[in-house]
Amino acid sequence: MIRFDRVSKRYPPGVDALSDLSFEVAGGQMVVVSGHSGAGKSTLLKLIAAVEKSTTGAVLVGGQNVSGLPRSALPYLRRRIGMVFQDQKLLFDRSVFENVMLPLSIAGFPARDAAQRVRAALEKVGLGNREKALPVMLSGGEQQRLAIARAVVNRPSLLLADEPTAHLDSETASDVARIFHEFHHVGVTVLIATYASDLFPGAKRLQLDHGRLLP
Amino acid sequence: MKVWLAQHREALLLALRRLGAAPVNSLLSLLAIGIALALPAGGQMLLANALQLAGTTSAVPQISIFMAANAERRAATEIQSRLGKYGGVKQVRLLPREETLARMKANPGLRDVIEALPANPFPDAFVVTATDDSPEAMEKLAVEFRQWPRVEHVQLDSAWVRRLDALLKLGRTAVMVLGGLLGAGLIAISFSIIRMQVLTHRAEVEVSQLLGATDAFIQRPFLYYGVLLGLGGGVVAWLLTGAAALWLRAPLSELVRLYDLSLVLQSLGARDSALLLGFAAGLGWLGAMISLRQHLR
Ligand SMILES: Nc1ncnc2c1ncn2[C@@H]1O[C@H](COP(=O)(O)OP(=O)(O)O)[C@@H](O)[C@H]1O
Ligand SMILES: [Mg+2]
């Protein structure tokens, strides 16, 4: 499903975020990417969705080297990947329903089925009764679950989440972790960047240290 | 196809929502565009009316032929039949000297003077219009008529025609220059408003890109916004010229009546209205397009 082949990423001023990284994730696996702050976790996820491009090496997603994709092909890659961003990136002038609707509108999903999909995704994360609310009216945990609903509404086979349990109390955090386990159980490949790797027992570990993979 | 329509509908709704989100701002923008467009639109309206006026009776260039004062009626009838058969002559109207006398006597100021005269001082006269009323053709006819027997004087009112013609040409150029300048102004207004819009909706643009939106998808609501701005401005301009036409109608009719003409000022016709709205929408779109090229990605 995902293969990194001697991948390095250097940001413009000369920061080496990732160095000579090679690993493989099989379809349906659950993977936890852990490491100190600045270790390169976010960068690793961004390379998979081609939000950033590798400086050297190949990033293969579903057999396709996404580092070499032209700009015009990026939308179609991203529609196949569900992403939960570290800063969530919710639209605060749109309702909960509209936030989750956005990926479907973007993908040109037929309107009638789209509403059902949105409701199903909201049910799944326990926000079925908050459709009309604005994101500011939600608690931190609810906002995180909204971000997850938006990531999965397209039913992607690959789900990436960047620190999805940060800033949540332990009870809410394990609620959110449980949602990821559920997606894993129905066959979705899940990659989670987190400090809190103990929330995801049974997951494969990738431990980063200053941009290098620890054995 | 259905998806395409749905996406356009959605983009249009989003653009409307964004316009509605800052109603005072939007209204002022529309007013600014509308006033800018009202100038060339109003010019075009006046021009169309002037053309129409020029097309009515008195504005058709004429040749006046005056017989010698002592010419007999027979000579005049001869000239009349000759004119009737002459190629290039469209219409001939005889003004018999008795009629002219009677008409002049009807004027109280002139009556005493005329009655003091021993004989009718007015000659028989003709008013001729030509099939080809270009100044050159008219001049040629006048030269010809001057040769005819018992014709005393031939007057060509082409000077006036030329003046009107030149004036209309100037008017047309002025409207075009004004339209060009203010059209460029509209593009600039749309450009900077869309720039503001892109800045305002930065987050949305970024999120949409991350969620797999194509450039077309992201640009669409902004383009609709530009089109709506232009179109709205066009409607404002249309209303302004309509109001101006109503307001100017009475005083202008009065003025024109002094020159023995009649004119009911008409607002922009269907073709000009459609052109105005089309151009306004198009320029709004163009400004938005250029702005997006600069400010997106
Ligand atoms: N856009 C960027 N420009 C420059 N440096 C960056 C950028 N993003 C991340 N970095 C640097 O790359 C390194 C790895 O960052 P990141 O992948 O965000 O780590 P983590 O998510 O593990 O905290 C850090 O040193 C960070 O400062
Ligand atoms: Mg990070």
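Residues numbered from 1 in each chain as written. Chains lettered and ligands numbered in written order. Predicted model: local features only at pLDDT ≥ 70, side-chain atom pairs only at ≥ 80, totals over all residues. Heavy atoms only, no water.

For the rest of this paragraph, the subject is the interface of chain B and chain A. Taken residue by residue, the interface counts 19 residues in chain B and 19 residues in chain A. Across the interface of chain B and chain A, roughly 1800 Å² is buried in total on both sides, 57% from carbon and sulfur atoms. It is B:Val207, B:Leu210 and B:Leu211 that lose the most area in chain B upon contact with chain A, and together they represent 35% of the buried surface on that side. Remark: the boundary between chain B and chain A carries 4 salt bridges. With a shortest N-O distance of 2.9 Å, A:Lys89 and B:Glu206 are connected by a salt bridge. (Contact = heavy atoms within 4.5 Å. Buried area = accessible area lost by both parts, 1.4 Å probe. Salt bridge = Lys/Arg side-chain N within 4 Å of Asp/Glu carboxyl O.)

Moving on: the packing of helix α5 (residues 140-152) of chain A against helix α6 (residues 170-185) of chain A. Residues and elements named next belong to chain A. The interhelical angle for the contact between α5 and α6, taken along N-to-C directions, is 15°, at an axis separation of 10 Å. As summarised for this structure, α5 and α6 are arranged roughly parallel, according to the angle between their axes. Crossing of α5 over α6 shows right-handed handedness. Taken together, the residues of α6 that come into contact with α5 (itself represented by Gly141, Gln144, Arg145, Ile148 and Val152) are Thr172, Val176, Ile179, Phe180 and Phe183. Class assignment for the residues of the contact of α5 with α6 results in 6 nonpolar, 3 polar and 1 charged. (Axes fitted to C-alpha atoms, helices over the stretch in contact; angles between N-to-C directions. Helix = DSSP H or I, 4+ residues; strand = E, 2+ residues; numbered from the N terminus. Parallel < 35°, antiparallel > 145°, perpendicular 65-115°, else oblique. Left-handed = near helix turned anticlockwise from the far one by under 90°. Nonpolar A, V, L, I, M, F, W, Y, C, P; charged D, E, K, R; others polar.)

All names here are of chain A. Around ligand 1, a shell composed of Tyr11, Val15, Ala17, His36, Ser37, Gly38, Ala39, Gly40, Lys41, Ser42 and Thr43 is seen. One of the backbone N or O atoms of Gly40 is found 3.0 Å from an oxygen atom in ligand 1. Interatomic distance of 2.7 Å between a side-chain N/O atom of Ser42 and an oxygen atom of ligand 1. Expressed as a share of its isolated accessible area of 560 Å², the protein-covered part of ligand 1 is 65%. Sorting the residues of the shell around ligand 1 by element identifies β2 (15-25) and α1 (41-48) as the ones contributing at least two each. (Near = heavy atom within 4 Å. Polar contact = N/O pair within 3.5 Å; in protein donor to acceptor, adjacent residues only side chain to side chain. Areas by Shrake-Rupley, 256 points an atom, 1.4 Å probe, with all protein chains shown as cover.)

This paragraph deals with the coordination of the magnesium ion (ligand 2). All names here are of chain A. For the magnesium ion (ligand 2), every protein donor is listed as Ser42 (OG) and Gln86 (OE1), and the spread of their distances is 2.0 to 2.6 Å. Here Ser42, found in helix α1, pairs with Gln86, found in the loop between β6 (81-84) and α3 (96-107); they are 44 residues apart in sequence, far enough to count as distant. For Ser42, a relative accessible area of 18% translates into the label buried. (Donors = N, O, S within 2.8 Å, 3.2 Å for Na, K, Ca; no water. Buried < 20%, exposed > 50% of the residue type's maximum accessible area, 1.4 Å probe, protein only.)

The subject of this paragraph is the environment of B:Ile194. All names here are of chain B. Along the chain, Ile194 falls in helix α7 (residues 158-200). C-alpha of Ile194 to C-alpha of Pro251: the two residues are 57 residues apart in sequence and 42 Å apart in space. Here Ile194 is in contact with Phe222, Tyr225, Gly226, Ala288, Ser291 and Leu292, once residues within four sequence places are set aside.

Take the packing of aromatic side chains next. Aromatic ring pairs: the centre-centre distance and the angle between the two ring planes describe each pair. All told, the structure shown has 4 aromatic pairs over all chains when counted by the stated rule. Ring centres of B:Tyr86 and B:Phe145 lie 5.8 Å apart, and the angle between their planes is 70°; on these two criteria the pair is classed as edge-to-face. Here B:Tyr86, found in the loop between α3 (73-85) and β2 (89-95), pairs with B:Phe145, found in helix α6 (residues 135-146); they are 59 residues apart in sequence, far enough to count as distant. Here the guanidinium or amino end of A:Lys41 rests over the ring plane of A:Tyr195, the centre of that ring lying 5.3 Å away. Taking NZ or CZ as reference, B:Arg18 lies 4.7 Å from the ring centre of B:Phe222, over its face. (Phe/Tyr/Trp six-rings, centres within 6.5 Å; stacked < 30°, edge-to-face > 60°. Lys NZ or Arg CZ within 6 Å of the ring centre and 35° of its normal.)

Our next topic: the domain arrangement of chain B. Domain annotation for chain B reports domain 1 (7-57 + 176-295) and domain 2 (62-157). With centres defined by C-alpha atoms, the gap from domain 1 of chain B to domain 2 of chain B works out at 53 Å. (Domains from an automatic or database assignment.)

Residue and element names in this part refer to chain B. Residues Val24, Leu28, Leu31, Ile35 and Leu240 make up a contiguous nonpolar surface patch of roughly 460 Å² in combined accessible area. Per element, the largest residue contribution to the nonpolar patch is 4 residues, and it comes from helix α2 (residues 23-55). By secondary structure assignment, the location of Val24 is in helix α2. In this structure Val24 comes out as exposed when scored by relative accessible area, which is 59%. (Patch = residues over 30% accessible without salt bridge, like charges linked within 9 Å, V, L, I, M, F, W, Y side chains within 5 Å.)

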